[in-house]
Amino acid sequence: MSRQQTIFLTFFLGVFLLVTIGFFWQEIARTRSSFLAGTNTVSEVVELPDPTLPAIRPTDPTRGDASTKAVTIVTFADFSCLYCRLTEAELQKSLAKTKVPFRVVWRDFPVVKDGPEGLVAAIAGRCAKDQGKFWQMHDALFQIDDYSPTSLKLLAGQLNMNVDRFAECSMNEKHI
């Protein structure tokens, strides 16, 4: 290879290398400026709304201290949910040990996509509330796995509820 061909080849490879590095550098710079992993790409600071506590409705079942100084715990749960059962057991253990006045407010949060059991159990709890037995039914619903109408009527009978009134309440759409 002649000296002139060597210079031309070296020049050509140098230009090719510079253009390639330029393209890669441009792509890296474009990617970094549009997305940095773990960071917000919005340059302005967004004001977040102040969190609001859920309103405690008069129809929500409550237990514990009713004073304004009591710590209020609002529980959103599903009777048929395994994690809710575990959480409820731990909550009861913790509250039994505390000296601080507290109030627990129950909110039904049945996960319908997992099956109808959560909704059926929530309605059973509300029907028990109509007879003044919500918390007894609450504790019992977390202990059973069968939420069939027969099983719930049997449970209502064990809790000394009016079974006919409970069955009628469960079948109408009062608490849906």
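Being a predicted model, the structure only gives us computed values, none of them experimental. (Residues numbered from 1 in each chain as written. Predicted model: local features only at pLDDT ≥ 70, side-chain atom pairs only at ≥ 80, totals over all residues. Heavy atoms only, no water.)

## Structural notes on the state of the cysteines
Part 1: Here the structure, examined in full by the defined rule, presents one disulfide.
Part 2: Through a disulfide, Cys-127 is tied to Cys-169; the S-S separation comes to 2.1 Å. Its S-S torsion of about -85 degrees marks the bond between Cys-127 and Cys-169 as left-handed, since a negative value means left-handed. Residue Cys-127 is found in helix 3 (residues 117-130), and its partner Cys-169 is found in helix 6 (residues 163-171); the two are separated by 42 residues along the sequence. Just as Cys-127 is buried, Cys-169 falls in that class too. (Disulfide = S-S within 2.5 Å. Helix = DSSP H or I, 4+ residues; strand = E, 2+ residues; numbered from the N terminus. Buried < 20%, exposed > 50% of the residue type's maximum accessible area, 1.4 Å probe, protein only.)

## Things to note about the sheet that holds strand 2 (residues 71-77)
Part 1: The sheet built from three strands is open, its strands ordered 1-3-2 with mixed pairing. Two strands in the sheet have a free side with no partner beyond their single neighbour: strand 1 (62-64) and strand 2. Going from strand to strand, the sheet's axes swing by 20 degrees on average, the running direction of each strand aside.
Part 2: Against the sheet, helix 2 (residues 82-97) contacts strand 1, strand 2 and strand 3 (102-108), and its axis sits at roughly 165 degrees relative to strand 2. (Pairing = 2+ DSSP bridges. Axes fitted to C-alpha atoms, helices over the stretch in contact; angles between N-to-C directions. Contact = heavy atoms within 4.5 Å.)

## Remarks on the pairing of strand 2
Part 1: Where strand 2 meets strand 3, seven bridges bridge the pair, whose relative direction is parallel. When the bridges of strand 3 are listed, Val-71 appears paired with Phe-102.
Part 2: Since strand 2 and strand 3 lie parallel, the crossover through helix 2 that links them has a hand, and here it is right-handed. (Right-handed = clockwise from strand over helix to strand, strands pointing away.)

## With respect to the side chain of Asp-78
Part 1: Within the secondary structure layout, Asp-78 lies in the loop between strand 2 and helix 2.
Part 2: Arg-85 provides the closest opposite charge to the buried, unpaired Asp-78, separated from it by 7.9 Å.
Part 3: Not counting residues up to four positions away in its chain, the partners in contact with Asp-78 are Cys-84, Phe-109, Pro-110, Val-111, Gly-118 and Phe-142. (Lys, Arg positive; Asp, Glu negative; His and termini not counted. Salt bridge = Lys/Arg side-chain N within 4 Å of Asp/Glu carboxyl O.)

## Notes on the packing of helix 5 (residues 149-158) against helix 6
For any two helices packed against each other, one specifies the crossing angle of their axes together with the interaxial distance.
Part 1: Running from amino to carboxyl end, helix 5 crosses helix 6 at an angle of 140 degrees, the nearest separation of the two axes being 9 Å. Accordingly, the angle class assigned to the pair helix 5 and helix 6 is oblique. When the axes of helix 5 and helix 6 are compared, the crossing they make is right-handed. Packed against helix 5, whose contacting residues are Pro-149, Leu-152, Lys-153, Ala-156 and Gly-157, the element helix 6 presents Val-163, Phe-166, Ala-167 and Met-171 at the interface. (Parallel < 35°, antiparallel > 145°, perpendicular 65-115°, else oblique. Left-handed = near helix turned anticlockwise from the far one by under 90°.)

## Quick word on the confidence of the model for the protein chain
In low-pLDDT regions, the fine details of the predicted coordinates are not to be read closely.
Part 1: With 93% of its residues at a pLDDT of 70 or more, the protein chain shows a mean pLDDT of 86.
Part 2: No element of the protein chain has a lower mean pLDDT than helix 1 (residues 3-34), which averages 81, and none a higher one than helix 4 (residues 134-141), which averages 95. (pLDDT = per-residue confidence, 0-100.)

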